[in-house]
Amino acid sequence: MKKFLFSNCIKIQDVLFAVGIFAGLPAQIDLSDGRVTYCDMMKGLISREKATVIDCLDCFENKVYALDSGEDNLIIWDMAALQCRYIPLGCRRPSWIHFIALERYRSDYYIFPKYENKIWVFHTDKNEITEIRGYLDHFREAQCACRVDNNVWILPKDADVLYCYDLSEGTKNRYDLNTVVRECVDAVFYDGCIYILNMFGIIYQWNIEKKELQEITATETVHDKKMSVGRIVYAGNKLILLPAYGSDITILDLQTEKAEIYQDYPDDYDDRTEWLKYYGYCEDETYCYFAACAANYLLKIDKRSGALLWMKPKTDSLGGKTIDSLAKKVVYESNWELTDLFEITPMDPCYSAGMNIGKEIYDRVGRTG
């Protein structure tokens with residue numbers, strides 16, 4: 001049985017919606033038995049020859065919104081009308097990761113790119129994108145973000161400051177850390193504190209009320225990329241560190257402050273690939289669901305107990321259909337209406353030049369049609 005690999009997912013009712021890394025075809029995984037089925041073909045869907053990397057996913061009013069690093073697009077899947085839209089954002093860099101967060105406030109989506117000192121706001125009710133520029137002052141790259149209520153906390157690269165952007169007020173605050181925090185990959189909130197993870201296992205604790213930063217080094221690893229970590233999860237009074245490329249899952253008990261290496265992998269677990277292992281995830285009230293980026297299993301973490309559970313996506317339900325044969329059925333269309341054209345309007349009055357993103361959509365679709 002071949003692996004079904006995907007870089008991110010979103011839970012919709014009792015299934016996970018995901019986009020296959022190869023060919024970029026949307027699919028759903030039944031959480032009761034792991035059965036994989038491809039979604040009905042959507043108008044406007046473009047199949048890919050190269051890997052499709054979805055940074056963020058969210059669902060709102062029967063539409064799935066995603067940030068695609070492979071083509072630096074905002075993708076919108078209309079699940080009722082079976083239509084798919086690609087909105088290029090123009091932030092491509094020589095890297096697979098272009099975004100740090102996609103956050104919704106009311107009916108607006110706030111897009112935080114990794115390499116641009118700006119925020120895009122997609123207004124779902126108007127089909128319009130606006131820009132907020134310069135919120136990171138002079139910093140040009142962000143390391144990671146963490147949402148707490150209506151606030152998004154952002155850590156710039158190689159910085160001794162932390163920013164907090166209030167989605168409800170459209171304002172920012174800057175806080176001095178008194179130390180430079182480097183090579184951070186993820187952050188999680190719990191009990192008034194944000195835990196920021198360094199790629200080599202160093203954890204920083206930011207106390208939101210006291211505005212104090214503390215370093216926790218109980219989980220530090222050898223400074224080797226193969227031993228680096230990529231995700232941090234709070235569950236069952238534990239901090240769970242998931243590897244980026246290696247095999248060691250580290251579990252830190254916050255009561256005893258002791259760390260241990262997880263050993264209970266499935267017997268047939270297979271992750272022989274150079275891709276990041278636990279890149280994207282989604283959650284509900286009970287579990288965190290990590291995408292099967294590299295392995296033949298996806299990981300579920302029980303939020304209450306901290307238990308690690310494994311589910312194998314089953315591709316035999318595809319009836320022998322290969323990804324290649326399915327991709328050939330995708331219809332390339334460029335029948336864009338005037339209502340599909342968007343205008344980026346800077347929100348800062350210091351910037352007056354807009355960007356005709358509708359023209360970019362038309363030009364790009366025309367080249368692929």
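Preceding block: the structure.
None of these values were measured; they are calculated from a predicted model.

Our next topic: the overall build of the chain. When helices and strands are tallied, the chain shows two helices and 30 strands. When the 369 residues of the chain are sorted by exposure, 55% land in the buried category. When contacts within the chain are restricted to residue pairs at least 6 apart in sequence, those whose partners lie at least 24 apart make up 45%. Accessible surface, the chain as shown: approximately 17,700 Å² in total, 45% of it carbon and sulfur.

F4, F6, L16 and W77 are the most contacted members of the largest nonpolar core, which has 41 residues in total. Of all elements in the fold, only strand 1 (6–12), strand 2 (15–20), strand 3 (26–30), strand 4 (36–38), strand 5 (54–60), strand 6 (63–68), strand 7 (73–78) and strand 8 (83–88) reach the threshold of two or more residues within this core. Looking at this core, the element that brings in the most residues is strand 2, giving four residues. With sequence-adjacent residues up to four places away left out, F4 is seen in contact with A18, G20, A27, I29, V36, Y38, A292, P313 and T315. I132, Y135, F139 and V161 belong to the second largest nonpolar core, which has 20 residues in total.

Moving on to the packing of aromatic side chains. Scanning the entire structure with this criterion turns up 24 aromatic pairs. Three or more aromatic residues link up through ring pairs in this structure, and these residues are Y262, Y265, Y269, Y297 and W310. In this arrangement the basic side chain of R231 is found over the ring face of Y279, its NZ or CZ atom lying 5.8 Å from the centre. Directly above the aromatic system of Y287 lies the positively charged group of K300, at a separation of 4.3 Å from the ring centroid.

This part covers the pairing of strand 15 (residues 159–166). Among the eight residues of strand 15, seven are classified as buried, and the element is accordingly described as predominantly covered. Where strand 14 (residues 151–156) folds back onto strand 15 in an antiparallel hairpin, the turn is made up of two residues, including D158, whose phi is positive at roughly 50 degrees.

Another aspect to go through is the environment of R182. Among the secondary structure elements, R182 is positioned in the loop between strand 16 (171–181) and strand 17 (184–190). With residues up to four places along the chain from it excluded, the contact list for R182 reads Q143, D158 and N198.

Procedures and definitions
Along every chain, residues carry numbers that run from 1 in the direction the sequence is written. In keeping with the model being predicted, local features are shown solely for residues with a pLDDT of at least 70 and side-chain atom pairs are shown and tallied solely at 80 or more, while totals for entire chains, interfaces and linings include all residues. Side-chain metrics rest on all non-hydrogen atoms present in the structure, leaving aside hydrogens and water. A run of H or I in DSSP becomes a helix once it reaches four residues, and a run of E becomes a strand once it reaches two; helices and strands are each numbered from the N terminus. Buried means the residue's accessible area, taken with a 1.4 Å probe over protein chains only, is under 20% of the maximum for its type, while exposed means over 50%, and partly exposed covers the values in between. Throughout, a residue-residue contact means that at least one pair of heavy atoms, one from each residue, lies within 4.5 Å. Working definition of accessibility: Shrake-Rupley area with a 1.4 Å probe, residue cover restricted to the visible protein chains. Here the nonpolar core consists of buried residues drawn from Ala, Val, Leu, Ile, Met, Phe, Trp, Tyr and Cys, with membership extended through side-chain atoms lying within 4.5 Å. Centres within 6.5 Å make a pair out of two Phe, Tyr or Trp rings, where for Trp the six-membered ring is used; the pair is then stacked when the planes are under 30 degrees apart, edge-to-face when over 60, and tilted otherwise. For a ring to carry a charge above it, either NZ of a lysine or CZ of an arginine must fall within 6 Å of the ring centroid while also lying within 35 degrees of the normal to the ring plane. By this definition, two strands are paired if DSSP reports at least two bridges between them.

Read these as spatial facts, not as claims about activity.
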